[in-house]
Amino acid sequence: MIRVAIADAHGIPRWALREALGRVPEFDVVGEAANADELVHLIEHGKPDVLVLDPALPDHGTTDVLAQVRAMETAPLVVVLAKDTTPTAVARAMASGAHAWVDEAAPPEKLLDAIHGVMRGEHIVPPGIENLLLGHRALTAREQQVMEMLGRGMTNREIAQHLQLRVKTIDTHRSHILKKLELRNNSDLTRFAVKHGYVGL
């Protein structure tokens, strides 16, 4: 049996997923979550093999959620089920720890194939994003978090408080980001973050 968990902020889609996946003989749906706190509790206690994740959880960006999941001792394999299928969004999620990305408008078989695929050790992404994915993987998941927050105009101190890290640690992450991406300052960084989809306009 494959133990599957569902995380989606919306009640009806969450219910529909639970009903659909629960009818697959080899799946055991161990629980569902509507926000990041519920998700942490679900992973700790339900110990799913695979998490089907809508990345639009309240008050958390995709990279935040994926980094939090990946850091857990019982981290499941993550299949992202989302509306946003732009190459940048997919690459960011995969570089942050997702194992598969499925367009929620795709046929249901695509989701089932993705769950089985990640259990076999595969990474499943839409065609045509491999080169972009390599660029995003240059940054660690934490650096992507910091990039996103800097791009939203947060100060190093605000980011440190949000991530419960020292300001000096955020300074170090910022320096690594600038060096890896060959940027000069925060203005360059903000432009890069907007252009590549880390933050919206």
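Look up: the structure comes first, before these words.
Conventions and cut-offs
Residues numbered from 1 in each chain as written. Predicted model: local features only at pLDDT ≥ 70, side-chain atom pairs only at ≥ 80, totals over all residues. Heavy atoms only, no water. Helix = DSSP H or I, 4+ residues; strand = E, 2+ residues; numbered from the N terminus. Rg over C-alpha atoms; globule rule 2.2 N^0.38 Å. Buried < 20%, exposed > 50% of the residue type's maximum accessible area, 1.4 Å probe, protein only. Contact = heavy atoms within 4.5 Å. Areas by Shrake-Rupley, 256 points an atom, 1.4 Å probe, with all protein chains shown as cover. Arc of directions from axis to C-beta. Polar contact = N/O pair within 3.5 Å; in protein donor to acceptor, adjacent residues only side chain to side chain. Pairing = 2+ DSSP bridges. Right-handed = clockwise from strand over helix to strand, strands pointing away. Axes fitted to C-alpha atoms, helices over the stretch in contact; angles between N-to-C directions. Core = buried A, V, L, I, M, F, W, Y, C linked by side-chain atoms within 4.5 Å.

### Section: the overall build of the protein
Here's step 1: Counting secondary structure elements, the protein contains ten helices and five strands.
Here's step 2: Computed over the C-alpha atoms, the radius of gyration of the protein is 17 Å, within 12% of the 17 Å expected from 2.2 N^0.38 for a compact globule of 201 residues.
Here's step 3: Considered along the principal axes of its C-alpha atoms, the protein spans approximately 55 × 35 × 30 Å.
Here's step 4: Taking all 201 residues of the protein together, 45% fall into the buried category.
Here's step 5: Nonlocal contacts in the protein, meaning residues at least 24 apart in sequence, comprise 64% of its contacts between residues at least 6 apart.
Here's step 6: Total accessible area on the protein stands at roughly 10,500 Å², and carbon and sulfur atoms take up 52% of it.

### Quick look at helix α10 (residues 186–195)
Here's step 1: Regarding α10, the residues found buried are Asp 188, Leu 189 and Ala 193. When α10 is viewed along its axis, its buried side chains cluster within an angular range of 135° and face the same direction. Exposed residues lying more than 90 degrees from the buried face of α10 are Arg 191 and Lys 195.
Here's step 2: Buried residues in α10 make contact with α7 (141–151) and α9 (167–181).
Here's step 3: Near the N-terminus of α10, the side chain that reaches the backbone nitrogen of Ser 187, with its oxygen 3.1 Å away, is that of Asn 185.

### Observations concerning the pairing of strand β4 (residues 77–82)
Here's step 1: Counting buried residues in β4 gives five out of six residues, a clear majority hidden from the surface.
Here's step 2: Pairing of strand β3 (residues 50–53) with β4 involves four bridges; the strand directions are parallel. Bridging across to β4, Val 52 finds its partner in Val 79.
Here's step 3: Sheet topology note: the β4/strand β5 (residues 100–103) ladder contains four bridges and is parallel. Bridging across to β5, Leu 81 finds its partner in Val 102.
Here's step 4: Each parallel crossover has a hand, and for β4 linked through helix α4 (residues 87–95) to β5 it is right-handed.

### Here we look at the sheet that holds strand β1 (residues 2–7)
Here's step 1: The sheet built from five strands is open, its strands ordered β2-β1-β3-β4-β5 with parallel pairing. With partners counted over all chains shown, the strands left at the sheet margins are β2 (27–33) and β5, one partner each. Ignoring strand direction, the axes of neighbouring strands in this sheet form an average angle of 20°.

### Concerning the nonpolar core
Here's step 1: If you look at the biggest cluster of nonpolar residues, it comprises 22 residues, and the most contacted ones within it are Leu 39, Leu 51, Leu 53, Val 69, Val 78 and Trp 101.
Here's step 2: Elements with a contribution of two residues or more to this core: β1, α2 (36–46), β3, α3 (62–70), β4 and α4.
Here's step 3: In terms of residue count, α4 provides more of this core than any other element does, four residues in total.
Here's step 4: In contact with Trp 101, other than residues within four places in its own chain, are Val 80, Ala 82, Asp 84, Thr 85, Ala 89, Val 90, Ala 93, Met 94, Ile 124 and Pro 126.
Here's step 5: Core analysis: the second largest hydrophobic core is formed by 17 residues, Val 4, Phe 27, Val 50 and Ile 115 among them.

### Digging into unusual backbone geometry
Here's step 1: In this structure, Lys 47 takes a positive phi of about 45° despite not being glycine.
Here's step 2: Inspection of the secondary structure assignment puts Lys 47 in the loop between α2 and β3.
Here's step 3: You can call Lys 47 partly exposed: its relative accessible area is 45%.
Here's step 4: Although it is not a glycine, Gln 164 sits at a positive phi angle of roughly 55°.
Here's step 5: On the secondary structure map, Gln 164 appears in the loop between α8 (156–163) and α9.
Here's step 6: Gln 164 sits in the exposed class, given a relative accessible area of 72%.

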